Amino acid sequence: MNWKAIVSLLVLTSLFLTGCMYPSEKLAENQIPYTDQITAVQQAVNSFKEDNGGILPIKTRDAVTPIYQKYPIEFKKIAPKYISEPPGNAFESGGIFQYVLVDVETNPTVKLLDLRMADTIRDINLRIKSNGYPPYKEKLADNVFTIDFNELGFKQEPYAISPYSNQNLPFVVTTDAEVYVDYRQDLFQELKKTDKKVIPGEDIRNILVEDSMFVPAYSLPYTVDPETNEPVFLKQ
């Protein structure tokens, strides 16, 4: 083999390896939450707010949108003036996270919403629609039930991966045929760790949000049982 053939072979090998490596590198960039990215977006939001008389760079959502999905950041409003471009893990860049704001009235704070849960919920909803009705299984609260996934044709029960504990979280369905992620496992663990006063009848999901990068996406409100102090679904 002459030297030209060797060089050509090396170039082809390099291109092949680059092609193999790129997807995994891109995957890591799109799926890993980074504190510095959140900090950069927070600084951009703060600057935009200061320059625009308190207005926030968010997309418009209707009043009935669940609270943790209600204030997604509109990157077109802050890039490239306040931030060069959306972070690599943002939905706008092909990532799996939606950047959202919480505490918009008092202290607008950037958090992440894991969009992978939405894909599974969409699949469950399509099967429920095809089935004609939600196959209710066990009653958890007045309007909340577990789901008979066998009746929907699932070979294995789907789950959501918790952004807080990395546990597998189950899905539940309401009497309105709306599918949600059940965060009671995470809330139970957090309640054991916290010394904050929790009042029965109040939504306790904020204890997951305060010291985390994430919001409890696609969740129902929870409170605590006054007798056991364990998380239960908040009556609507």
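Residues numbered from 1 in each chain as written. Predicted model: local features only at pLDDT ≥ 70, side-chain atom pairs only at ≥ 80, totals over all residues. Heavy atoms only, no water.

A. Structural context of the packing of aromatic side chains. This structure, assessed with the given rule, holds eight aromatic pairs. Ring plane angle 90° and centroid distance 5.4 Å describe the contact between Phe 149 and Phe 154, whose orientation is recorded as edge-to-face. As far as the burial class goes, Phe 149 and Phe 154 line up, both buried. Look at Tyr 164 and Tyr 183: their rings are 6.3 Å apart centre to centre, the planes differ by 70°, and that puts the pair in the edge-to-face class. Here Tyr 164 is found in the loop between β5 (160-161) and β6 (168-169), whereas its partner Tyr 183 is found in the loop between β8 (179-181) and α5 (184-193), with 19 residues between them in sequence. By relative accessible area, Tyr 183 is classed as buried at 0%. (Phe/Tyr/Trp six-rings, centres within 6.5 Å; stacked < 30°, edge-to-face > 60°. Buried < 20%, exposed > 50% of the residue type's maximum accessible area, 1.4 Å probe, protein only. Helix = DSSP H or I, 4+ residues; strand = E, 2+ residues; numbered from the N terminus.)

B. Spotlight on the pairing of strand β4 (residues 144-147). Bridge analysis of strand β3 (residues 136-141) against β4 gives three bridges, and the strand direction is antiparallel. The partner of Tyr 136 across the bridge, within β4, is Ile 147. What sits between β3 and β4 in their antiparallel hairpin is a turn of two residues. Across two bridges, the pairing between β4 and strand β7 (residues 171-174) is antiparallel. Residue Phe 145 lies in a different strand from β7, and its bridge partner there is Val 173. (Pairing = 2+ DSSP bridges.)

C. How the structure looks around the pattern of salt bridges. The final tally for this structure, using the stated rule, is seven salt bridges. Between Asp 114 and Arg 116 there is a salt bridge whose closest N-O contact spans 2.8 Å. Under the relative-accessibility criterion, Asp 114 is labelled buried at 5%. On the basis of relative accessible area, Arg 116 is assigned to the partly exposed category, the value being 38%. The partner of Asp 123 in a salt bridge is Arg 127, and the shortest N-O contact between them spans 3.2 Å. Separated by four residues within a single helix, Asp 123 and Arg 127 lie in helix α4 (residues 116-131), roughly one turn from each other. (Salt bridge = Lys/Arg side-chain N within 4 Å of Asp/Glu carboxyl O.)

D. Here's a closer look at the sheet that holds β4. Pairing in this open sheet of four strands is antiparallel, and the strands run β3-β4-β7-β8 from one edge to the other. With one partner strand each, in any of the chains shown, β3 and β8 form the two edges of the open sheet. For this sheet, the mean inter-axis angle between neighbouring strands, taken without regard to orientation, is 40°. Sitting on the sheet, α4 is in contact with β4, β7 and β8, with an inclination near 150° to β8. (Axes fitted to C-alpha atoms, helices over the stretch in contact; angles between N-to-C directions. Contact = heavy atoms within 4.5 Å.)

E. Quick peek at α5. Taken as a whole, α5 has its buried residues at Asp 186, Leu 187, Glu 190 and Leu 191. Relative to the axis of α5, the buried residues are bounded by an arc of 135° and lie together on one face. Buried residues in α5 make contact with β6, α6 (206-209), β9 (222-224) and β10 (231-233). (Arc of directions from axis to C-beta.)

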